[in-house]
Amino acid sequence: MNKESDYYEAIEAIRESGEILRKHFGNINPLRSKSDFAVDVVTALDTEIEEFLTDRLKQSYPSIGFRGEELGVKQDAEKVWLVDPIDGTAHFIRGIPFCTTMTALVDKGEVVFSIIYDFVRRDLYTAEKGKGAQLNGNTIKVSCRPLKEAYIAVETNLEYPKNATRYISLRKKCVTFTTINCGFEFGLVASGKIDGRISMDPYGEDWDYAAGTLLVAEAGGVVANIGQKTYNYRNHNFLATNRVIYEELTASTIPPLFPLEKS
């Protein structure tokens, strides 16, 4: 994205934060745990990077609000940055290369711009509503593989019987897997390396999905809440796949795994 972009300063801030993070990749201890789960940890860098991005984005875009995973709402506004400073903190601590920084710009409840920075590989994904998706400045597109050839990332709570049933059925039709990292998986979908990401009663929050769903949509994919033809980033139950697979999952299979609700 060139210097004439309205969001150039945001991209540069994310790049700079990535340089800081890369120095500590696999070489930092957890500060605290949010829960009993091994993945639910926080380092000092989580808050430091969020504070860094708060200051940089406020300086460049003073009228835009800020909401982060660690520090919450720092400035409220109709237009707001939604930030996850380290998506995959537990991976980051262990030196597992599935961790990203994610930023989404939400305007009147709609995601209009997003950045996902895979800072370990220096892969920077960007998407702007109506203007496509890019990886390191080059246009990217989702795949066109059918379900039988697909790799699909799935995030779900299998304690719900409906989710378990759908997951078992899906595994019979394609390869399912997870890296336990939303940002990394969305990048794979948008660049056509894998073919979709499905979220059913997942464990994340708005900042885990807003940036990536816009990226997939702008790369030519279909993103829709389960049972719906539309998408609201606050609803975390969704399909984000290429168009061929979306049709197979919602209409072509008999019975469809994810039928659309009757209007």
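Scroll up to find the structure this text is about.
Residues numbered from 1 in each chain as written. Predicted model: local features only at pLDDT ≥ 70, side-chain atom pairs only at ≥ 80, totals over all residues. Heavy atoms only, no water.

What about the pairing of strand E3 (residues 65-68)?
Cut-off, in case you're wondering: When DSSP locates at least two bridges between a pair of strands, those strands are taken to pair. Helix and strand labels come from DSSP, where a helix needs a run of H or I of at least four residues and a strand needs a run of E of at least two; each type is numbered from the N terminus.
As defined by bridge partners, E3 adjoins strand E5 (residues 79-87) across four bridges and the pair is classed as parallel. Paired with Phe66 across the strands is Trp81, a residue of E5. Where E3 meets strand E4 (residues 72-75), three bridges bridge the pair, whose relative direction is antiparallel. From the neighbouring strand, Arg67 faces E4, where its bridge partner is Val73. In this antiparallel pair of consecutive strands, E3 and E4, the connection spans three residues.

Focus: helix H1 (residues 8-24)
Worth spelling out the cut-off: The length a helix should cover is 1.5 Å for every residue beyond the first. Throughout, exposure labels follow a simple rule: accessible area from a 1.4 Å probe, protein chains only, divided by the maximum for the residue type, with under 20% read as buried, over 50% as exposed, and the rest as partly exposed. Residue contacts follow a heavy-atom distance rule, with two residues in contact if any of their heavy atoms lie within 4.5 Å.
In this model, H1 (17 residues) spans 25 Å end to end at C-alpha, consistent with the 24 Å of a helix rising 1.5 Å per residue. Of all the residues in H1, the buried ones are Tyr8, Ala10, Ile11, Ala13, Ile14, Ser17, Gly18, Leu21 and Arg22. Summarising the contacts, the buried residues of H1 are in contact with helix H2 (44-60), E5, helix H3 (89-94), strand E6 (100-107), strand E7 (110-118) and strand E8 (123-128). Looking one or two residues past H1, Gly26 carries a phi angle of roughly 75 degrees, positive in sign.

What about the sheet that holds strand E14 (residues 222-225)?
The condition that has to hold: For helices, the fitted axis covers only the stretch in contact; all axes are lines through C-alpha atoms, and the angles between them, taken along N-to-C directions, range from 0 to 180 degrees.
The mixed open sheet is built from five strands, whose spatial order is E12-E11-E13-E15-E14. Every other strand in the sheet has two partners, leaving strand E12 (175-177) and E14 as the edge strands with one partner each. The mean inter-strand angle of the sheet, taken between neighbouring strand axes irrespective of direction, is 20 degrees. Direction of pairing for E14 relative to strand E15 (residues 238-241): antiparallel, over a ladder of four bridges.

Quick notes on the packing of aromatic side chains
Put simply, the rule is: Within 6.5 Å between ring centres, the rings of Phe, Tyr and Trp (the latter by its six-membered ring) count as paired, and their orientation is classed by plane angle as stacked under 30 degrees, edge-to-face over 60, tilted in between.
What the rule picks out here adds up to ten aromatic pairs. On the numbers, 4.7 Å between centres and 40 degrees between planes, the contact of Phe98 with Phe184 is tilted. Separated by 86 residues along the polypeptide, Phe98 in the loop between H3 and E6 and Phe184 in helix H5 (residues 182-190) bring together distant segments of the chain. Here Phe184 falls in the buried class, since its relative accessible area comes to 14%. Ring geometry for Tyr231 and Phe238: centres 6.0 Å apart, planes at 80 degrees, overall edge-to-face. Judged by relative accessible area, Phe238 falls into the buried class, the value being 0%. Put simply, the rings of Tyr7, Tyr61, Trp81 and Phe113 touch in pairs and so form one group of aromatic residues.

Quick word on unusual backbone geometry
Trans is the prevailing form of peptide bonds, just as negative phi is the prevailing case for residues other than glycine. If you check the backbone angles, Lys108 has positive phi at about 55 degrees while not being a glycine. Tracing the sequence through the fold places Lys108 in the loop between E6 and E7. The exposure class of Lys108 is exposed, given its relative accessible area of 64%. Even without being glycine, Asp201 reaches a positive phi, approximately 45 degrees. Relative to the helices and strands, Asp201 resides in the loop between strand E13 (196-200) and helix H6 (206-218).

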